Amino acid sequence: MVKICCLGAGYVGGPTMAVIAYKCPEIEVVVVDISTARIDAWNSDRLPIYEPGLDDVVEGCRGRNLFFSTDIEKHVADSDIIFVSVNTPTKTRGLGAGKAADLTYWESAARMIADVSKSDKIVVEKSTVPVKTAEAIEKILTHNSKGVNFQILSNPEFLAEGTAIADLFSPDRVLIGGRETVEGRKAVETLKSVYANWVPEDRIITTNLWSAELSKLAANAFLAQRISSVNAMSALCEATGANISEVAYAVGKDSRIGSKFLNASVGFGGSCFQKDILNLIYICECNGLTEVSDYWKQVIKINDYQKSRFVNRIVSSMFNTVSGKKIAVLGFAFKKDTGDTRETPAIDVCKGLIGDRAQINIYDPQVTEDQIQRDLAMNKFDWDHPLHLQPMSPTAVKQVRVCWDVYEATKDAHGVCILTEWDEFKKLDFQKIYNNMQKPAFVFDGRNVVDAEKLRKIGFIVYMIGKPLDAWLKDIPAVV
Ligand code: NAD
Ligand code: UDX
């Protein structure tokens, strides 16, 4: 029986390994983590992450051939294939701070693997890492290997949160990069045979190590660039009376461009896009490619611009101040169908409103009060560290109240901001919300989910990203 061990029981390690175990009953999969709380949660009825379909997959194989453990060294020593899916945060200090990937957790995992291994292993990079990381990892592993043979593979993960199980069951592609040697090719074939249990062979791409590592950064950069492109257009739509939905539809109908991933929004969030583009920028700079790094920097600049443009729109519409006004924030997660708040645009929007002294009522169906308070108090990039190393619950931000119901959050509010596209927001009773709000009542829809005409008929002043502006908003000079 092939034995797999995965270091890191997070958003990637947990679902990915659960699907491997589910699809390959003859393989034993053990997911290990340095966070006891996380492992306990994986072994409980309340999994540590919310992901549609995940509960059923875990239930189908936990205790059969899927296990979660904190006994890291034992399971690493026993396994044939080790996936490493640990955090690769943006460095906050020293050389490359604010851009380069911090490989502390990866390096310590590699040193531990080298120390405890007594038999040959395939070590798989599942975390997103800078191109050429495998070379450094190889040095660590072979330096202290006592005759053990290690093969390093790059197998980046392309799942998106909220659709992780569907993405893993039916991936567009699985990418495996390895050394172009006899042993390297053999290791690639071994990993390929694991995925071949459910992924059609023509969707399993094999490349050299560096292409696989770089393809992951490139894919995220391309995806984020599409969003910044459509968001840049949304600002121009608002200035000219064009409608971003119509523009995106017309543009996306070109089969060379395609229709997906062209939804204008308050900005992209999530743990990957910004971090991976910063990482790409740093690699370009290190290689003397200033023009290339400047190109990718602009994707992040437009994303930051989109978030501050949204805050400015709220403040300028409400007589240029939100001081003491109550704003209901609907949605805090970085996208629907996840409780994940890493780099969510809601953090920057809420901080902007708090900076102008608004009172904020936040409602999200999946995010806890503790998480929201922690996010609003945390410094940039501090979130991407193992949970037990993150700052403990800080003093609550006084201007923020977390509510468990939309109607409670919007009661007596001057304005409503929609920051996550949860399906339930499309079905709200806006007449009831309007009746209980201060007047004039505003809706700022950062996800273009509401029926603006219907809301306007009720009496709301409505702002949608990239859509023709209400007369009220048109009369106010755009603050950008
Ligand atoms: P995460 O923070 O949810 O999980 C990482 C886990 O690794 C944590 O539970 C942490 O405690 C654990 N860990 C850290 N050091 C360890 C060690 N030495 N031994 C054992 N466990 C250790 O992060 P994630 O979202 O799962 O991301 C992991 C990697 O995958 C990152 O490189 C990320 O860029 C990449 N990735 C993430 C996504 C995504 O959607 N979240 C998608 C593709 C790739
Ligand atoms: C992304 C990549 O899609 C995935 O392949 C990679 O493995 C990890 O990073 P994720 O961050 O989980 O996945 O979600 P994604 O669906 O890509 O959304 C990222 C952000 O972009 C969200 O805040 C989302 O709301 C926003 N977005 C997405 C838009 O604003 N407009 C769109 O058209 C699509």
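Here the structure is a predicted model, which is why all the values come from computation and not from measurement.

**Some points on the overall build of the chain**
Thinking step 1. Broken down by element type, the chain carries 18 helices and 14 strands.
Thinking step 2. Reported as C-alpha extents along the three principal axes, the dimensions of the chain are approximately 75 × 45 × 45 Å.
Thinking step 3. Split into buried and exposed, the 480 residues of the chain put 55% on the buried side.
Thinking step 4. A sequence separation of at least 24 residues applies to 76% of the contacts in the chain between residues at least 6 apart.
Thinking step 5. Split by element, the accessible area of the chain, about 20,900 Å² in all, is 52% carbon and sulfur.
Thinking step 6. Averaging the positions of the 56 positive and the 61 negative side-chain charges in the chain gives two centres separated by 4 Å.

**What to know about the pairing of strand β10 (residues 359–363)**
Thinking step 1. Among the 5 residues in β10, 4 count as buried, and that is most of the element.
Thinking step 2. Across 5 bridges, strand β9 (residues 326–330) lies against β10 in parallel orientation. Each residue of the ladder has a partner; that of Leu330, found in β10, is Tyr363.
Thinking step 3. Note that the unit made of β9, helix α13 (residues 345–355) and β10 has a crossover that is right-handed.
Thinking step 4. Bridge analysis of β10 against strand β11 (residues 400–403) gives 4 bridges, and the strand direction is parallel.

**A few points about the domain arrangement of the chain**
Thinking step 1. The assigned domain composition of the chain is domain 1 (3–199) and domain 2 (221–464).
Thinking step 2. Domain 1 and domain 2 are separated by 32 Å when their C-alpha centres are compared.
Thinking step 3. Across the contact, 26 residues belong to domain 1 and 28 residues belong to domain 2.
Thinking step 4. Surface buried jointly by domain 1 and domain 2 totals about 2,200 Å² across both partners, of which 56% is contributed by carbon and sulfur atoms.
Thinking step 5. Its largest share of buried area at the contact with domain 2, domain 1 owes to Tyr50, Lys99 and Glu161, together 29% of the area lost on that side.
Thinking step 6. One salt bridge in this structure joins Glu161 and Arg342, with 3.2 Å as the shortest N-O distance.

**Some points on the state of the cysteines**
Thinking step 1. Summed over the entire model, instances satisfying the criterion amount to 0 disulfides.
Thinking step 2. No disulfide involves Cys61; its sulfur sits 9.9 Å from the nearest other cysteine sulfur, which is in Cys24.
Thinking step 3. Summary of cysteine pairing: Cys403 is not part of a disulfide, and the nearest cysteine sulfur, belonging to Cys350, is at 12 Å.
Thinking step 4. Note on Cys403: relative accessible area 1%, which makes it buried.

**As for a negative patch on the surface**
Thinking step 1. Together, Asp45, Asp55, Asp56 and Glu59 give the surface a local cluster of negative charge.
Thinking step 2. Secondary-structure assignment places Asp56 in helix α3 (residues 54–61).
Thinking step 3. Owing to a relative accessible area of 58%, Asp56 belongs among the exposed residues under this scheme.

**Focus on the packing of aromatic side chains**
Thinking step 1. Considering all chains together, one arrives at 15 aromatic pairs under this definition.
Thinking step 2. Here Tyr22 and Phe169 contribute two aromatic rings whose centre-to-centre distance is 5.7 Å and whose plane-to-plane angle is 20 degrees, an arrangement assigned as stacked. Within this pair, whereas Tyr22 is found in helix α1 (residues 13–23), its partner Phe169 is found in helix α7 (residues 164–169), the two being separated by 147 residues in sequence.
Thinking step 3. Judged by its relative accessible area of 36%, Tyr22 is partly exposed.

**Re the UniProt feature "active site" (unreviewed entry) in the chain**
Thinking step 1. As annotated in UniProt, the feature "active site" (unreviewed entry) corresponds to Cys272 in the numbering used here.
Thinking step 2. Looking at the element boundaries, Cys272 is found in the loop between α10 (244–252) and α11 (273–286).
Thinking step 3. For Cys272, a relative accessible area of 30% translates into the label partly exposed.

**Details of the confidence of the model for the chain**
Thinking step 1. Summing up the model confidence of the chain, the mean pLDDT is 95 and the portion of residues at 70 or higher is 97%.
Thinking step 2. The complex model carries a pTM of 0.96, and its ipTM stands at 0.99.

**Notes on the pairing of strand β1 (residues 3–7)**
Thinking step 1. Of all 5 residues making up β1, 4 are buried, and the element is well covered by its neighbours.
Thinking step 2. Relative to strand β2 (residues 28–32), β1 runs parallel, the two being bridged by 5 bridges. What sits directly across from Lys3, in β2, is Glu28.
Thinking step 3. In the classification by handedness, the crossover that spans β1, the intervening α1 and the parallel β2 is right-handed.
Thinking step 4. Strand direction decides the pairing type here: β1 and strand β4 (residues 81–84), joined by 4 bridges, are parallel. Across the sheet, residue Leu7 finds its bridge partner in β4, namely Val84.

**Points about the environment of Thr133**
Thinking step 1. In this fold, Thr133 is placed in helix α6 (residues 133–143).
Thinking step 2. Of the residues examined, Thr133 reaches a relative accessible area of 4% and is grouped as buried.
Thinking step 3. Once you skip the residues sitting within four places of it in the chain, Thr133 turns out to touch Leu103, Glu125 and Glu213.
Thinking step 4. Looking at Thr133, its side chain comes within polar contact range of the main-chain oxygen of Pro130, at 2.5 Å.

**A few points about the site of ligand 1**
Thinking step 1. What surrounds ligand 1 is a group of 25 residues, the closest being Asp33, Arg38, Thr88, Glu161 and Lys275.
Thinking step 2. Interatomic distance of 2.9 Å between a backbone N/O atom of Val12 and an oxygen atom of ligand 1.
Thinking step 3. In the model, an oxygen atom of ligand 1 is placed 2.9 Å from a nitrogen or oxygen of the Arg342 side chain.
Thinking step 4. Protein chains bury 95% of the 830 Å² of accessible surface belonging to ligand 1 in isolation.
Thinking step 5. Taken together, the residues that form the shell around ligand 1 break down as 9 nonpolar, 9 polar and 7 charged.
Thinking step 6. Two domains each donate at least three residues to the shell around ligand 1, and these are domain 1 (3–199) and domain 2 (221–464).

Cut-offs applied
Residues numbered from 1 in each chain as written. Chains lettered and ligands numbered in written order. Predicted model: local features only at pLDDT ≥ 70, side-chain atom pairs only at ≥ 80, totals over all residues. Heavy atoms only, no water. Helix = DSSP H or I, 4+ residues; strand = E, 2+ residues; numbered from the N terminus. Buried < 20%, exposed > 50% of the residue type's maximum accessible area, 1.4 Å probe, protein only. Contact = heavy atoms within 4.5 Å. Areas by Shrake-Rupley, 256 points an atom, 1.4 Å probe, with all protein chains shown as cover. Lys, Arg positive; Asp, Glu negative; His and termini not counted. Charge placed at Lys NZ, Arg CZ, Asp CG, Glu CD. Pairing = 2+ DSSP bridges. Right-handed = clockwise from strand over helix to strand, strands pointing away. Domains from an automatic or database assignment. Buried area = accessible area lost by both parts, 1.4 Å probe. Salt bridge = Lys/Arg side-chain N within 4 Å of Asp/Glu carboxyl O. Disulfide = S-S within 2.5 Å. Patch = residues over 30% accessible without salt bridge, like charges linked within 9 Å, V, L, I, M, F, W, Y side chains within 5 Å. Phe/Tyr/Trp six-rings, centres within 6.5 Å; stacked < 30°, edge-to-face > 60°. UniProt positions renumbered as here; feature names shortened; annotations may be inferred. pLDDT = per-residue confidence, 0-100. Polar contact = N/O pair within 3.5 Å; in protein donor to acceptor, adjacent residues only side chain to side chain. Near = heavy atom within 4 Å. Nonpolar A, V, L, I, M, F, W, Y, C, P; charged D, E, K, R; others polar.

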